[in-house]
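# Fold and geometry: a report
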Amino acid sequence: MLFRSLEPGSLCLTRKSFASWLLGQPDDALKHMGDALEHVESVSHQLTRAFVYGNCATLCYWLGESERQEALSNDALILAEEFGVGFIRGWSLIQRGNARVMQGNMPDGLKDIDSGLTVFDNMTAAGDIRSQLMYSAYVALIAEAYGQCGDAERGMALIPEAVSHIERTGARYSEPM
């Protein structure tokens, strides 16, 4: 229900940035991300803003812009906490944690990642499946963070669990290859 109420212009602009990235056009992706961020500033719907900030943080991850990824994740997190949106809260914590690790702040980054996973574990235990839809994407971020911290074995140990999850649920978002 939450995502049905998002302001369509903002949502379309973030998806346009993703499409540009996936088509191998990083400059266009950045332009469209800028358009989405500019547009969403005129939107009063705070959950739309949180969603756009989170999506733009994902694009910054793909582009290797960890400082911007951290800032956008933090913006999304503030709104998610204010409005009690667990899915965006967990996603933002994992994104921010990954960004912090990539910048060399291992302790705070891993703490954020663990907090994000706890949010999703609690959501799953309560029967909320949204946390499971992007599970393999989260595992990719987490595995990369552990590798960056010098614990590649811990990161690689997560991959079979993600593959098993994909086989069990069919949720193939960012499937590890």
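In what follows, the accompanying structure is described.

Rules of the game
Residues numbered from 1 in each chain as written. Predicted model: local features only at pLDDT ≥ 70, side-chain atom pairs only at ≥ 80, totals over all residues. Heavy atoms only, no water. Helix = DSSP H or I, 4+ residues; strand = E, 2+ residues; numbered from the N terminus. Rg over C-alpha atoms; globule rule 2.2 N^0.38 Å. Contact = heavy atoms within 4.5 Å. Areas by Shrake-Rupley, 256 points an atom, 1.4 Å probe, with all protein chains shown as cover. Lys, Arg positive; Asp, Glu negative; His and termini not counted. Charge placed at Lys NZ, Arg CZ, Asp CG, Glu CD. Core = buried A, V, L, I, M, F, W, Y, C linked by side-chain atoms within 4.5 Å. Buried < 20%, exposed > 50% of the residue type's maximum accessible area, 1.4 Å probe, protein only.

## A closer look at the overall build of the chain
- Helices and strands together make up the secondary structure of the chain, namely nine helices and zero strands.
- Helices and strands in the chain line up, N terminus first, as α-α-α-α-α-α-α-α-α.
- Relative to its length of 177 residues, the chain is compact, with a C-alpha radius of gyration of 16 Å against a globular reference of 16 Å.
- Each principal axis of the C-alpha atoms in the chain carries an extent, and together these give about 45 × 35 × 30 Å.
- Looking at the chain alone, contacts between residues at least 24 apart form 60% of all its contacts between residues at least 6 apart.
- About 8,800 Å² of surface is accessible on the chain, with carbon and sulfur atoms providing 55% of the total.
- Put simply, the chain has 14 plus and 23 minus side-chain charges, and the middle of one group is 5 Å from the middle of the other.

## With respect to the environment of Asp 27
- On the secondary structure map, Asp 27 appears in helix 2 (residues 26-40).
- Between the C-alpha atom of Asp 27 and that of Leu 72, which follows or precedes it by 45 residues, the distance is 19 Å.

## Focus: the nonpolar core
- Counting residues in each nonpolar core, the largest one holds 45 residues, and the members touching the most others are Phe 87, Ile 88, Trp 91 and Tyr 138.
- Those elements that provide at least two residues to this core are helix 1 (8-22), helix 2, helix 3 (46-63), helix 4 (66-83), helix 5 (86-102), helix 6 (106-125), helix 8 (135-148) and helix 9 (152-169).
- Among the elements that line this core, the one with the most residues is helix 3, at nine residues.

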